[in-house]
Structure formats: C-alpha cells, structure tokens
Amino acid sequence: MTIDPATAQQIVDKLKDVIEYNINFFDTGGTMVASTDASRIGSFHGAARQAVVDRQTVAVDRRHPYRGARDGVNVPVVLNDVVVAVIGITGPVDRVGALGGIIERMTELMLCVNMEQIARFNRRIMTSNLVNLLTMEHKDDELMNALALTLDLDLSGPRRALIGRAPGIRLERLNQDRLYERLCKTCLSFDVPLFAVGPRDFRIYAPQMEDVKLDDFVAALRQALGRAVGSRVVLGAGTVQADPDQYWHSYQQACIAARWAGFTGDDQLYRYEQMDAGMLITSLPAEQCQAFVDQVFAGLAPDRLDRFDKVFSAYARHNGSITHAAQELFIHKNTMQNRLDALARETGYNPRRLSDYPILAAAFELRKYLAYQDIPNDSAEPVQQPEGTD
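Structure report, in brief. (Residues numbered from 1 in each chain as written. Predicted model: local features only at pLDDT ≥ 70, side-chain atom pairs only at ≥ 80, totals over all residues. Heavy atoms only, no water.)

## A short note on the pairing of strand β8 (residues 202–207)
Phase 1: Counted residue by residue, β8 has five buried out of six residues, so it is predominantly covered.
Phase 2: With six bridges connecting them, strand β6 (residues 159–165) and β8 associate as antiparallel partners. In the strand pairing of β8, Ile 163 is matched with Arg 203.
Phase 3: Between strand β7 (residues 194–197) and β8, which follow one another and run antiparallel, lie four residues. (Buried < 20%, exposed > 50% of the residue type's maximum accessible area, 1.4 Å probe, protein only. Helix = DSSP H or I, 4+ residues; strand = E, 2+ residues; numbered from the N terminus. Pairing = 2+ DSSP bridges.)

## Considerations on the pattern of salt bridges
Phase 1: Here the structure, examined in full by the defined rule, presents 19 salt bridges.
Phase 2: As a salt-bridge pair, Asp 81 and Arg 55 come within 3.1 Å of each other at their nearest N and O atoms. Of this pair, Asp 81 sits in the loop between β4 (72–79) and β5 (82–90) while Arg 55 sits in the loop between α2 (46–54) and β3 (58–60), and the two are 26 residues apart along the sequence.
Phase 3: On the basis of relative accessible area, Arg 55 is assigned to the partly exposed category, the value being 42%.
Phase 4: The partner of Arg 232 in a salt bridge is Asp 267, and the shortest N-O contact between them spans 3.0 Å. Linking Arg 232 in the loop between α7 (211–229) and β9 (234–237) with Asp 267 in the loop between α8 (247–264) and α9 (277–283), this pair joins segments that are 35 residues apart in sequence.
Phase 5: Under the relative-accessibility criterion, Arg 232 is labelled partly exposed at 35%.
Phase 6: Via salt bridges that share partners, Asp 211, Asp 215 and Arg 271 belong to a single interconnected network. (Salt bridge = Lys/Arg side-chain N within 4 Å of Asp/Glu carboxyl O.)

## Quick word on helix α6 (residues 176–189)
Phase 1: Along its 14 residues, α6 runs 20 Å from first to last C-alpha, staying within 8% of the 20 Å computed at 1.5 Å per residue.
Phase 2: Along α6, the positions that sit buried rather than exposed are Arg 178, Leu 179, Tyr 180, Arg 182, Leu 183, Cys 184, Thr 186 and Cys 187.
Phase 3: The inward-facing, buried residues of α6 contact α4 (100–134), β7, β8 and α7.
Phase 4: Backbone nitrogen of Asp 177 and a side-chain oxygen of the N-cap are separated by 3.1 Å at the start of α6; the cap is Asn 175.
Phase 5: Trailing α6 by a residue or two, Asp 191 shows a phi angle of about 60°, which is positive. (Expected span 1.5 Å × (residues − 1). Contact = heavy atoms within 4.5 Å. Polar contact = N/O pair within 3.5 Å; in protein donor to acceptor, adjacent residues only side chain to side chain.)

## Overview of unusual backbone geometry
Phase 1: Even without glycine at this site, Asp 191 takes up a positive phi of about 60°.
Phase 2: Within the secondary structure, Asp 191 sits in the loop between α6 and β7.
Phase 3: Backbone geometry places Asp 276, a non-glycine residue, at a positive phi of 50°.
Phase 4: You can see Asp 276 is positioned in the loop between α8 and α9.
Phase 5: Given a relative accessible area of 60%, Asp 276 falls into the exposed group.

## Concerning a negative patch on the surface
Phase 1: A contiguous patch of negative charge, built from Asp 140, Asp 141, Glu 142, Asp 243 and Asp 245, is present on the exposed surface.
Phase 2: Relative to the helices and strands, Glu 142 resides in helix α5 (residues 141–150). (Patch = residues over 30% accessible without salt bridge, like charges linked within 9 Å, V, L, I, M, F, W, Y side chains within 5 Å. Areas by Shrake-Rupley, 256 points an atom, 1.4 Å probe, with all protein chains shown as cover. Lys, Arg positive; Asp, Glu negative; His and termini not counted. Charge placed at Lys NZ, Arg CZ, Asp CG, Glu CD.)

## Overview of the packing of aromatic side chains
Phase 1: One pass over the structure, following the stated rule, counts ten aromatic pairs.
Phase 2: A ring pair is formed by Phe 190 and Phe 217, whose centres lie 5.0 Å apart and whose planes are at 45°; its orientation type is tilted. Here Phe 190 is found in the loop between α6 and β7, whereas its partner Phe 217 is found in helix α7, with 27 residues between them in sequence. Across the pair, exposure class does not vary: Phe 190 and Phe 217 are buried alike.
Phase 3: Three or more aromatic residues link up through ring pairs in this structure, and these residues are Trp 260, Phe 263, Tyr 369 and Tyr 372.
Phase 4: Lying over the aromatic face of Tyr 180, Arg 124 brings its terminal NZ or CZ to 4.5 Å of the ring centre.
Phase 5: Positioned above the aromatic ring of Tyr 369 is the side chain of Arg 259, whose terminal nitrogen or guanidinium carbon lies 4.6 Å from the ring centre. (Phe/Tyr/Trp six-rings, centres within 6.5 Å; stacked < 30°, edge-to-face > 60°. Lys NZ or Arg CZ within 6 Å of the ring centre and 35° of its normal.)

## As for the packing of helix α1 (residues 5–16) against α4
Phase 1: Two elements in contact, α1 and α4, have axes whose closest approach is 11 Å; the angle formed by their N-to-C orientations is 140°. By the criterion of interaxial angle, the relationship of α1 to α4 is oblique. The crossing of α1 and α4 is right-handed. Contacts between α1 and α4 involve Thr 7, Ile 11, Lys 14 and Leu 15 on the former and, on the latter, Ile 103, Met 106, Thr 107, Met 110, Leu 111 and Asn 114.
Phase 2: Taken together, the residues of the contact of α1 with α4 break down into six nonpolar, three polar and one charged. (Axes fitted to C-alpha atoms, helices over the stretch in contact; angles between N-to-C directions. Parallel < 35°, antiparallel > 145°, perpendicular 65-115°, else oblique. Left-handed = near helix turned anticlockwise from the far one by under 90°. Nonpolar A, V, L, I, M, F, W, Y, C, P; charged D, E, K, R; others polar.)

## Regarding the nonpolar core
Phase 1: With 29 residues, the main nonpolar core has Leu 183, Ile 204, Phe 217 and Val 229 as its most contacted residues.
Phase 2: If you list the elements that add at least two residues to this core, you get α6, β7, β8, α7 and β9.
Phase 3: In this structure, Phe 297, Leu 300, Phe 364 and Tyr 372 belong to the second largest nonpolar core, which totals 23 residues. (Core = buried A, V, L, I, M, F, W, Y, C linked by side-chain atoms within 4.5 Å.)

If you want it as structure tokens, here you go:
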C-alpha cells in the first residue's frame, strides 16, 4: 500500500496539533515523505527502515545512532497485518517514547478513514462510469460487466431511467459532493444503487416498482435535490426496459420526459408514457418546427405575438368562451372579440374556425417550446450554491 504524500502531510500536521514535537512520516523503504520539519522531507532514515524490518518501535539516541536519524522514536504502522508506513517523533527518547503508541494508533485511525474515503470515491466513480455506459446504445459489454462485478451489482432484470434537471443551472458549477450525498441518501433509501451526478443532470436507473412507490421516489428526489441545488428540479422517467442492452431506450425517453416536464411545469406528468401531445411535439425536428411557426406567424413582431398568445391561451382555456376569457384577462368582451379578429386578420387563421384552430394552437405551442431552454449554454452565469445542509 502506497500512502499519498499529501495524505501523509495532513496526518503529521494533525498530530503536531496535539503533540509539541516534530512528527515524521516514512514509507516502507525508510524515506521521509512528510514532516512538520519540511527541510527533512525526502531524506533516508535508517531507523525507520529498521522499524519496518523488525515490525517494532526503534528508538534513536546517542547510544543507538542510525543513518540520517535524529533522537526520537519510530513506530511501524500496521494495517491488515502489513506494515504500511512508519511514524516518528523527533525529541529526547525519555520524553517522546511514551507517545509512540499514541501516535501509532492515531495514524492508523486516520489512514483507515482515508482508505474508506478513497474506497467510497472509487465506488462513486465506477458507478458513474457504469451508469453512463448504460445510457449508450453501443457500449463496451466487457467493461460494463466488469464494473458491475466489481461493484457487486446484478444488472439483470427490468429497469427504467430517470433524469433530473434544474432548468437553467449547470450542475458542474455546484458542490458535487453535496449533490452526490443527497442523491445517494435518497436513492439508497429506496434500494436504488445505480445513480450518478453528471455535469448537467442527475442520472438514475431504478428497478421496476409499483406506480405509488415510483411516485414517492420521484417526490423524494425532487425535494432532496431541489434543496441541494437551491432551485426547482424536474424529473423525467423513461419506460421500463427488460435488460441492459435496452436501457438506453429508457434513458432517451427520460431525457425527453424531463424536458417536457420542465416546459409544461407539471411535476405530476413526469413519465414518458404520460406526455400525450408532448410525444408528438418533442419528436419533430426543430428546423421543421421553426419553419411551420414562421409560416403561420409570418411578419409578426415577437411582442405582437406575445400579446396574441395571451389572448389565444385564455380563449383556449375557456373552450372558446369569449366572455370567460375576457373576464380572466380583465378586459371587456368586445375588446376580446376585437383581439381575436386582429389575430385572424394578421395571421390568416381564424381561431373560431374549426379547421384553423389546431393550426394556431400548434404554432403557439411550438413557438414556446422552441424558446424553452432546460439546459443553459456554456456562457451561462454560475448560480449561488445554497449554504448549509438539512
């Protein structure tokens, strides 16, 4: 086991906070890799090497000199019955000798904590890589299976993908550890081990579950991730797919469902199969959509279209009732009538004519959908990370 010098330096610095003498950290070859006396880092220490060989504390004084060593004690650090390093205290042996056992135990504890942190981080990275592989139609099956085996995860069985996004926010600019901790806590509480935090979204593969449990899971995710991001988080879920070779279908559907949920603002309609008209709108190429919008609203200024959209939307919500639409907009019904007439005159499509109504409805909806941005561009300003935790 090789101890990173930065980790070793952190250990000696922490030990120095409670022990007034200089602390030295050696690798198993006897080289000093960290010390509170920076001038000695990189030097060879014969007593440290001897402590590794003998697997016991080696004292250094005038009667027991060692090459490159100063007076003090050097204690082997043992983990899993293997000497992994040596920790030393510089000072008179009669004063520092009694401290050897203390610094050995403290060093072992700090190394164990560090090893656990590294193990958790490595698992996080491997899980993220596995989740990302499962989003791909064409992937390295050997790598996928190797990661699953290392993580002790069974990939067999049906799963669905879920995507979480905070519209207008780039997750990569936030505290990734905090985001991951919230995601991890929520997913594991529902027995969902496949999840990752990406630069722009949260990615989850959940095993098949009853609709009520899925609703509860999504609500918990929305709440936990929203607190971590400090903004509204929308979720999208794809359909259940039978095996890993088909999971990518669910991922693509989840991306579409998340965008549609963000666009409509309806958190309850987060599943791909609930999208209704959204399936049609999201499947149309943007270029053709824009051409259709331009044709219907040819020559109209954006602010003029915004006003017409407001009038048309109220008219649609009240099933063609001019009276009720006018009441919603706080205008006279004659004014409402005049604005509908102006819409018909300037576009050539009369909202009160059955054949024209769906054309206007589609054009207004597509115009808004084309303008919606659920993922910010690279020039977007970073948001302020919320302070504190739950």
